[in-house]
Structure formats: C-alpha cells, structure tokens
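# Geometric and topological summary
The chain contents come next:
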Amino acid sequence: MNNKRQTLWNHLLATPYVLWMAAFIVIPLFFILYYGLTDADGRLTLSGLAQITNPVNQKALWLSLELSLVSTVICLLLAYPLAMILRSLQMNSTSFIVLIFILPMWMNFLLRTLAWQTLLDKTGVLNTFLTGVGLPPQNLINTPAAIILGMVYNFLPFMVLPIYNVLIKIDRNVENAARDLGANGFQTFLKIILPLSLPGVISGITMVFVPALTTFVISDILGGAKILLIGNVIEQEFQILNWHSGSGLSLVLMVFILISMFVMSKYDKEAEGTAIW
Amino acid sequence: MVKKGVQAAKYFYIALIFIFLYAPIVTLVVLSFNASKSRAVWGGFSFRWYAALFQNSEIISALSNTLVIAFTSALVATLIGTMACVAMNRMKKLPRTLMMGVSNIPMLNADIVTGISLMLLFIALHFSLGFVSVLLAHITFNIPYVVLSVMPKLKQTNRSTYEAALDLGATNLYAFRKVILPDIFPGVLSGFLLAFTMSLDDFVITHFTKGPGVDTLSTKIYSEVRKGIKPEMYALSTLLFLSVLILLVIVNRRSDKTAKQ
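Just so you know, these numbers come straight off a predicted model, no measurement behind them.

Before going further, it helps to examine the interface of chain B and chain A. Taken residue by residue, the interface counts 87 residues in chain B and 85 residues in chain A. In total, chain B and chain A occlude about 8100 Å² of area from one another, counting both sides; carbon and sulfur atoms represent 77% of this. Counting the surface chain B buries against chain A, the share from its top three residues, Phe20, Leu108 and Leu120 of chain B, is 8%. Inspection of the chain B/chain A interface yields one salt bridge. With a closest N to O distance of 3.2 Å, Arg112 of chain A and Asp201 of chain B form a salt bridge. For the pair chain B and chain A, the interface holds 11 residue pairs in polar contact (both at pLDDT 80 or more). Ranked by the residues each element gives to the side of chain B that touches chain A, the list is headed by helix H1 (residues 2-32) of chain B, at 17 residues.

Quick look at the structure:
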C-alpha cells in the first residue's frame with residue numbers, strides 16, 4: 001500500500017518534466033529531421049542535406065571545423081594549467097568560479113564580444129598601445145584570428161570548470177603514494193594526474209567545441225560579416241525563410257554534435273564533469 | 001626561494017587570465033562614461049548616457065522583458081527540475097538514465113539547433129512567436145541547469161531519514177518540506193541563480209523564438225550591431241554588472257561573518 005502510493009507520488013513529480021522535455025526537446029528535433037528531409041511540397045528528398053555540397057557552404061563548414069578545433073586546443077592549453085594552479089592554491093573555489101564564470105555573464109555576451117572590436121580595431125586600444133611602444137600596428141579585426149580570439153574568450157570558462165571539478169576530486173594520497181614510490185613530479189603528473197583528469201578534459205573539449213563550431217554571432221561581430229561560418233549560413237537560410245535547406249544543413253551539423261556527444265558519454269557516465277557548483 | 005618564485009608565477013598566470021576575461025568588461029565600463037558617441041574617440045568623462053538611459057523607453061522595455069523572462073523561466077524551471085530530481089532519485093537505474101539523458105540534450109546540443117527546432121515547433125503549431133514563445137524556450141533550456149545543480153545535492157542526502165519521517169506518520173509533502181528540502185536547498189538556490197543568469201545572457205535561442213516587436217536586451221543589441229550601439233546600452237550593462245558585483249560582495253561578507261561566529 002505504502003509502496004504503491006510512493007510510486008504514484010513519484011510519477012506525479014516526474015510528469016511535468018517528462019511532458020515538458022518531450023514537447024520542447026524531443027519532438028522539436030523531429031521537426032528538424034522532417035524539414036531537412038522533405039521539400040516544400042512535403043516530398044521526401046535529399047536536396048536539403050545536399051546543400052552541404054554547395055562550395056560556399058562546404059567552405060564555411062571546413063572553416064568552422066578549423067577555427068573551432070584551433071580554439072578548442074588553445075582553450076585546453078590555457079585552461080589545464082589554470083585548473084592545476086587553482087587546485088594547488090586550494091583557495092575558496094566557489095567565489096573564484098563565480099568571478100570567472102558567472103559574473104561576466106551579467107555583462108551581455110554580445111556587448112562583451114563587441115568590446116573586443118574596440119580593443120582590436122585598426123585605431124583600437126591594442127594598436128594604439130603597439131604604436132605607442134614603437135611597434136607597427138597590426139591588422140587584427142575581421143580576420144580568422146579575431147574570431148578564434150572571440151571563441152577562446154567566450155568559451156574558456158567551459159573548459160576550466162570541468163577540468164577543475166575533476167582535478168579537485170583526485171585524492172592527494174594517490175599523488176603522495178606515487179611520490180613515495182619514487183616518481184618525480186613530472187612522472188606523477190603524466191601517470192597519475194593526467195589519466196585521472198581525462199573525463200574532465202573530454203567534457204571540456206565537447207563543451208567548447210560544439211558552441212564554437214556552431215556560433216554565428218562571434219563570426220558576425222569579429223569577422224566583419226565577411227567570413228562565413230556554417231552557423232552564419234544556417235542563420236541566413238532561416239532569415240530568408242528557406243527552412244528546408246536550413247534544416248538540412250542543421251542535420252549535417254548535428255552529425256558532428258552527435259559524434260562529440262558520443263565520445264563524451266563514453267568518458268563521462270554521470271555527466272558530473274559538467275556540474276558547475 | 002625557488003618555491004616563492006613558483007608561487008609568484010602561479011599568481012601571475014591567474015592575473016593574466018583575469019585580464020583576458022575582464023578586459024572587455026572594463027572597456028564597456030569605460031565606454032559608458034565616454035561623452036563622445038563614437039567608440040573610437042574619448043570625448044571626456046560624462047554621465048550623459050546614464051541620464052539618457054532612463055529616457056530611452058525601448059531599452060527600458062527590453063530590460064523589463066529580459067528580467068521578467070529570466071525570473072519567470074528560472075522559477076518555473078526550478079520547480080519542474082527539482083520535482084523531477086526528487087522523483088529520479090528514487091527511480092530504478094534505466095528510467096533515471098533515460099531522464100538524465102534527455103536533460104543533457106539541450107546542454108550538449110548547439111544553441112542554434114535548439115533555437116531552430118523550437119521555432120519550427122511553434123510555427124507548426126501556429127503558435128505566434130512573441131513573448132510567450134521566448135518564455136517557453138527559456139524554461140526549456142533552463143531545466144537542465146536546475147537538474148545539474150540539484151541532483152548532486154540530492155544524491156548526498158540520506159534516504160533513511162526521509163523514510164523514517166514517513167514511518168512516523170509524516171505525509172510525503174511534509175516529509176519533503178521538513179527533511180529533504182533543507183538538505184538540497186543550496187542546490188535549488190544555485191540552480192535558480194544559474195538558470196536566471198543563463199536566461200539573461202542568452203541570445204541565440206531568443207533570436208529564433210522571438211517575434212517582431214518583442215525584444216530582450218540581447219536581441220536589441222544584436223539589431224543595433226550594424227547601425228552602431230547606443231551608448232545607453234553600455235551604461236545599462238555597467239549598472240547591471242556593478243549591482244551584481246556589490247550584491248556578491250555583501251553576500252560573501254555575510255557568509256564570512258557567520259562562518260566566524
């Protein structure tokens with residue numbers, strides 16, 4: 001009797017969530033599938049998917065892959081030492097994480113990216129500084145490098161957090177044991193810390209790679225609308241109400257997202273690496 | 001001596017990352033006090049954009065939309081998410097994994113895909129795009145953040161105390177309120193705050209699910225990117241940022257004091 005009531009209570013609690021997620025997460029994805037695989041008359045066709053063979057779109061996809069890979073690598077190279085340092089300093093993590101991750105978000109993401117325009121402009125802050133110390137001004141804005149900088153800037157916290165969360169869970173005794181058994185600092189890192197932190201690294205990589213691959217705002221603002229990424233192409237298709245091509249291209253994009261999700265699920269069973277607080 | 005050098009290098013590295021993350025923010029704060037309308041020229045210190053801000057009805061209405069959507073969506077998401085977590089915690093492994101998996105989809109999926117899929121849904125249902133569609137979309141992407149914050153706290157709670165409460169005659173609701181909620185409350189609160197912040201900062205999903213005539217701060221800014229941002233926007237962001245900063249300092253001071261006592 002009691003158990004039966006318990007189960008009923010449980011179902012009652014879960015129902016709003018299940019209905020909501022079915023209606024607004026699962027079913028909408030089938031709409032993309034439907035539009036991507038049909039034409040305006042509702043007939044089954046591959047022409048939406050075939051949009052990707054269009055040279056302009058293909059170039060955009062390759063450029064997106066290239067830039068998002070480079071920024072993911074840079075994020076990893078910056079974030080891993082930072083996470084290690086934070087771990088070693090054993091400072092109050094919560095306040096620091098709020099400072100690095102939550103607080104900047106209260107300044108709108110578009111404005112923060114726009115601020116880089118001011119910093120990178122031909123007559124901007126950085127170039128004024130360069131000419132001030134006698135160096136030639138650099139052409140920074142509206143280049144792929146500026147887009148990479150924007151990606152690294154916006155997504156770095158998503159790399160730092162999962163790595164940090166995994167690193168602080170590593171038992172100090174495991175490390176001490178390795179040292180006692182004669183490993184030096186570098187060996188301990190290579191054989192103990194690095195393998196144990198891998199789930200955080202993997203989840204960090206997917207959390208940076210996917211948004212970088214699919215952004216259209218950063219390339220819009222820092223690329224001067226001259227550099228098209230795959231996100232820009234899809235956004236433009238929907239601007240001109242070309243839903244079938246846009247959905248077809250989104251499906252192609254989702255293949256890459258699914259690959260990274262699959263890799264992540266292999267390493268991060270409970271998805272705890274993504275936990276923030 | 002070497003140790004001291006290493007320590008200094010560590011702080012130096014942290015400082016560099018901090019400068020990188022906060023340089024644009026400082027830039028925006030400086031621009032909000034710039035008397036000149038151009039971003040490239042410094043026209044002297046001035047409060048004129050702060051005064052103009054409160055006269056700009058478009059920005060004020062975008063701000064109120066943003067705050068109402070952020071608050072409502074975070075509240076609803078916290079309710080639905082927390083309820084689901086309590087249920088999931090008592091479920092068998094398979095349904096629990098399934099439910100957690102669904103909550104991971106919007107977190108791992110690209111915003112552009114989530115936004116487009118919701119737009120296609122609303123259009124297919126002949127649901128007009130506007131304030132309500134944006135609100136529904138925000139609740140949707142906020143739920144996973146709540147689940148993510150509440151679930152770990154719930155796992156730490158002791159099941160037996162809850163069952164003991166039930167055995168002693170407490171109703172489910174009473175036992176939840178008196179036994180579980182106090183334990184998971186920090187998680188619920190941080191879930192709410194995270195959801196609020198995420199909603200506030202969202203652009204992509206709002207961009208696809210909004211209709212003409214409705215603007216949040218993000219979409220308002222985006223529409224101004226080409227023709228030039230109104231400096232009032234810098235003033236508003238500075239005010240928002242500073243108020244949160246001050247709030248955080250106060251909260252930290254308070255919790256430091258209580259910790260000492």
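The discussion continues.
Counted by the stated rule, this structure contains eight salt bridges over all chains. Arg87 of chain A serves as the salt-bridge partner of Glu175 of chain A, at 2.9 Å between the closest nitrogen and oxygen. On the criterion of sequence distance, the pair formed by Glu175 of chain A in helix H8 (residues 172-180) and Arg87 of chain A in helix H3 (residues 55-89) is long-range, its members being 88 residues apart. With its nearest N and O atoms 3.6 Å apart, the salt bridge here joins Lys220 of chain B to Glu224 of chain B. Of the two residues, Lys220 of chain B and Glu224 of chain B both sit in helix H10 (residues 217-224), four residues apart, roughly one turn of that helix. Considered together, Lys220 of chain B and Glu224 of chain B belong to a single accessibility category, that of buried residues.

Time to look at the packing of helix H5 (residues 109-120) of chain A against H10 of chain B. One way to put it is that H5 of chain A packs onto H10 of chain B with a least axis distance of 8 Å and a crossing angle of 35°. Residues Leu110, Leu111 and Leu114 of chain A of H5 of chain A lie in contact with H10 of chain B, whose contacting residues are Ser218, Ile221 and Tyr222 of chain B.

Residues and elements named next belong to chain A. Looking at chain A as a whole, the pLDDT averages 86, with 93% of positions reaching at least 70. Across chain A, the secondary-structure element scoring lowest on mean pLDDT is helix H4 (residues 93-102), at 69, and the one scoring highest is H3, at 93. Taken together, the stretch residues 270-277 has pLDDT below 50 and engages in 25 contacts with residues farther than four places along the chain or on a different chain.

This part covers the packing of aromatic side chains. For the structure shown, the criterion picks out 25 aromatic pairs over all chains. Taking 5.6 Å as the distance between ring centres and 85° as the angle between the ring planes, the aromatic pair formed by Phe33 of chain B and Phe47 of chain B counts as edge-to-face. Taken together, the residues span a long stretch of sequence, with Phe33 of chain B in the loop between H1 and helix H2 (48-53) and Phe47 of chain B in the loop between H1 and H2 at a distance of 14 residues. Ring pairs connect the aromatic residues Phe216 and Phe238 of chain A together with Phe203, Phe208 and Tyr222 of chain B, which therefore count as one cluster.

Applying the stated criterion to the full structure yields seven cavities of 30 Å³ or more. Put simply, the largest cavity is a space of about 840 Å³. As for the largest cavity, its lining consists of 40 residues, and the residues nearest its centre are Phe155, Phe158 and Pro211 of chain A together with Asp111 and Tyr145 of chain B. A per-class count over the lining of the largest cavity returns 29 nonpolar, seven polar and four charged. By volume, the second largest cavity is sized at about 100 Å³. In terms of lining residues, the second largest cavity is bounded by 13 residues, among which Trp106 and Asn108 of chain A together with Leu217, Ser237 and Leu240 of chain B are the most central. Looking at which element gives the most residues to the lining of the second largest cavity, the answer is helix H11 (residues 232-260) of chain B, with four residues. Class assignment for the residues of the lining of the second largest cavity results in nine nonpolar, three polar and one charged.

About the criteria used
- Residues numbered from 1 in each chain as written.
- Chains lettered and ligands numbered in written order.
- Predicted model: local features only at pLDDT ≥ 70, side-chain atom pairs only at ≥ 80, totals over all residues.
- Heavy atoms only, no water.
- Contact = heavy atoms within 4.5 Å.
- Buried area = accessible area lost by both parts, 1.4 Å probe.
- Salt bridge = Lys/Arg side-chain N within 4 Å of Asp/Glu carboxyl O.
- Polar contact = N/O pair within 3.5 Å; in protein donor to acceptor, adjacent residues only side chain to side chain.
- Helix = DSSP H or I, 4+ residues; strand = E, 2+ residues; numbered from the N terminus.
- Buried < 20%, exposed > 50% of the residue type's maximum accessible area, 1.4 Å probe, protein only.
- Axes fitted to C-alpha atoms, helices over the stretch in contact; angles between N-to-C directions.
- pLDDT = per-residue confidence, 0-100.
- Phe/Tyr/Trp six-rings, centres within 6.5 Å; stacked < 30°, edge-to-face > 60°.
- 1 Å grid on protein atoms, 1.4 Å probe; cavity = no way out; pocket = protein on both sides within 12 Å on 5 of 7 lines; lining within 4 Å.
- Points joined across faces, edges and corners; volume = space filled by probe spheres on them.
- Nonpolar A, V, L, I, M, F, W, Y, C, P; charged D, E, K, R; others polar.

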